[in-house]
Amino acid sequence: MASPEAEEPEMHHPEPSPEGGDAKKPPLPQSPPANTTSKPKIPRTLIFATLYASISGLLFGYQMGITGGALHSLQSSMELTAAQSESISSLFFIGLMIASPFGGYACDRLG
């Protein structure tokens, strides 16, 4: 009589699947249909901010062009030195630096 310890354990072998593989494989994830792609929506605020910044840069360049043309007339009519004409040009930048925070406050306050 054989002892239970001497017997080999019975191995369990999976049954072959009808598809022909040894084990059943999980289904592959399916990709969405090609016609349902959606474009990301751009916030309206971002569009307005981009347009505002673009127009502001355009207007600033226009202002500097006008200043350059007017500066030539000012130099000849008022007999300005080079240092004085440079000071007039830089006053526009200083004015922008001072006015920008107040302009932002006014836009927030007045809408």
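In what follows, the structure referred to is the one given above.
The rules we used
- Residues numbered from 1 in each chain as written.
- Predicted model: local features only at pLDDT ≥ 70, side-chain atom pairs only at ≥ 80, totals over all residues.
- Heavy atoms only, no water.
- Helix = DSSP H or I, 4+ residues; strand = E, 2+ residues; numbered from the N terminus.
- Buried < 20%, exposed > 50% of the residue type's maximum accessible area, 1.4 Å probe, protein only.
- Areas by Shrake-Rupley, 256 points an atom, 1.4 Å probe, with all protein chains shown as cover.
- Expected span 1.5 Å × (residues − 1).
- Bend = angle between axes of the 7 residues up to and from the residue.
- Contact = heavy atoms within 4.5 Å.
- Axes fitted to C-alpha atoms, helices over the stretch in contact; angles between N-to-C directions.
- Parallel < 35°, antiparallel > 145°, perpendicular 65-115°, else oblique.
- Left-handed = near helix turned anticlockwise from the far one by under 90°.
- Patch = residues over 30% accessible without salt bridge, like charges linked within 9 Å, V, L, I, M, F, W, Y side chains within 5 Å.
- Salt bridge = Lys/Arg side-chain N within 4 Å of Asp/Glu carboxyl O.

A. Structural view of the overall build of the protein. Along its length, the protein carries two helices and zero strands. A burial count over the protein gives 5% of its 111 residues as buried. With the model as given, the accessible surface of the protein reaches about 10,700 Å², and the carbon-plus-sulfur share is 65%.

B. Examining helix α2 (residues 82–110) more closely. The terminal C-alpha atoms of α2 lie 41 Å apart, and with 29 residues this matches the ideal 42 Å at 1.5 Å per residue to within 8%. Ala99 marks the point of greatest bend in α2, at about 35°, and the proline Pro101 comes within the next four residues.

C. Layout of the environment of Phe60. Here Phe60 is to be found in helix α1 (residues 44–78). Separated by 36 residues in the primary sequence, Phe60 and Leu96 place their C-alpha atoms 9.8 Å from one another. If we ignore the near neighbours within four places in the chain, the residues touching Phe60 are Phe93 and Leu96.

D. Main features of unusual backbone geometry. Phi at Glu79 takes a positive value of approximately 50°, unusual for a residue other than glycine. Along the chain, Glu79 falls in the loop between α1 and α2. Accessibility expressed as a relative area gives 68% for Glu79, which makes it exposed.

E. Layout of the packing of α1 against α2. At a minimum axis distance of 10 Å, the contact between α1 and α2 shows a crossing angle of 155°. Classified by the angle their axes make, α1 and α2 are roughly antiparallel. Seen from above, α1 lies across α2 with right-handed handedness. Two secondary-structure elements touch here, α1 through Phe60, Gln63, Met64, Thr67, Leu71, Leu74 and Gln75 and α2 through Ser85, Ile88, Ser89, Phe92, Phe93 and Leu96.

F. Molecular detail of α1. Here α1 is 35 residues long and its end C-alpha atoms lie 49 Å apart, about the 51 Å a rise of 1.5 Å per residue gives. Positive backbone phi, approximately 50°, marks Glu79, located one or two places after α1.

G. Expanded view of a nonpolar patch on the surface. On the surface, Ile42, Leu46, Ile47, Phe48, Leu51, Ile55 and Leu59 cluster together into a nonpolar patch covering about 690 Å² of accessible area. Ile47 gets classed as partly exposed once you look at its relative accessible area, which sits at 40%.

So yeah, pure geometry; function would need other evidence.
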